[in-house]
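The residues making up each chain are set out below.
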Amino acid sequence: HIGRRESDVRDEWPHLVVEVASAAPDVVKYVVPQLSEVATMEEEAVRLKATHLLADLFESGQRVEHDYPALVTAFKGRLNDVSVEVRRAAVVRCVALVQKSALLSDQL
C-alpha cells in the first residue's frame, strides 16, 4: 500500500523537517528557507501547518531564527493571516516563543 505511505509522509512533513533539522541541519539547509513561501500559500491547512512548523523550528534550539530571518518575517505575517484559525495559532505560539527566547522576543 504505497499510496498510504505517501499520504502518511505528506501529512507528517512538518514533523520530519523539524526532526531532520535537529539531527542534521546541513541536510535541510536548502529546504528551510523555502518555508517562508509555504507559510503564505493559498490553502489554509498548509499555512496552519507552516505556522506550527516555524514555531517548532524556533523552539528547536537550532538558531533557525538567526540563520533564516525571513522565516521570522513569514511567521509574523501569520499574525495578520486572513484565517482566524491561522492567526489564533500564530498568537498562541508567539506568546510561548517570546516567553522562551530573548532573541525571538526582540524579533517578534
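Our structure is the block above this text.
Scope of this entry: the structure provided in the associated data block. Only a predicted model underlies this, so the values are computations on that prediction, with no experimental measurement involved.

### Some remarks on the overall build of the protein
Piece 1. A count of helices and strands for the protein gives 7 helices and 0 strands.
Piece 2. Helices and strands in the protein line up, N terminus first, as α-α-α-α-α-α-α.
Piece 3. Here the protein holds 108 residues, and the buried ones make up 34% of them.
Piece 4. Sequence separation of at least 24 residues holds for 58% of the intrachain contacts in the protein that already meet a minimum separation of 6.
Piece 5. Looking at the protein as shown, the accessible area adds up to about 6,700 Å², and 54% of this sits on carbon and sulfur atoms.

### Considering the pattern of salt bridges
Piece 1. Within this structure, the stated rule accounts for 4 salt bridges.
Piece 2. Measuring nitrogen to oxygen at the nearest pair gives 2.7 Å for the salt bridge that ties Asp 81 to Arg 47. With a gap of 34 residues between them, Asp 81 in the loop between helix H5 (69–77) and helix H6 (84–100) and Arg 47 in helix H3 (residues 44–59) connect regions that are remote in the sequence.
Piece 3. One salt bridge in this structure joins Asp 56 and Arg 93, with 2.5 Å as the shortest N-O distance. With Asp 56 in helix H3 and Arg 93 in helix H6, this pair connects stretches of sequence that are 37 residues apart.
Piece 4. Note on Asp 56: relative accessible area 30%, which makes it partly exposed.
Piece 5. Counted as one network, the salt bridges with shared partners bring together Arg 47, Arg 78 and Asp 81.

### Quick notes on unusual backbone geometry
Piece 1. If you check the backbone angles, Arg 63 has positive phi at about 60 degrees while not being a glycine.
Piece 2. Mapped onto the secondary structure, Arg 63 falls in the loop between H3 and helix H4 (64–67).
Piece 3. What makes Arg 63 partly exposed here is its relative accessible area of 45%.

### Topic: the packing of aromatic side chains
Piece 1. What the rule picks out here adds up to 1 aromatic pair.
Piece 2. Between Phe 58 and Phe 75, the aromatic rings sit 5.8 Å apart at their centres with planes inclined by 85 degrees, giving edge-to-face as the arrangement. Of this pair, Phe 58 sits in helix H3 while Phe 75 sits in helix H5, and the two are 17 residues apart along the sequence. For the pair Phe 58 and Phe 75, one class covers both residues: buried.

The rules behind the values
Residues numbered from 1 in each chain as written. Predicted model: local features only at pLDDT ≥ 70, side-chain atom pairs only at ≥ 80, totals over all residues. Heavy atoms only, no water. Helix = DSSP H or I, 4+ residues; strand = E, 2+ residues; numbered from the N terminus. Buried < 20%, exposed > 50% of the residue type's maximum accessible area, 1.4 Å probe, protein only. Contact = heavy atoms within 4.5 Å. Areas by Shrake-Rupley, 256 points an atom, 1.4 Å probe, with all protein chains shown as cover. Salt bridge = Lys/Arg side-chain N within 4 Å of Asp/Glu carboxyl O. Phe/Tyr/Trp six-rings, centres within 6.5 Å; stacked < 30°, edge-to-face > 60°.

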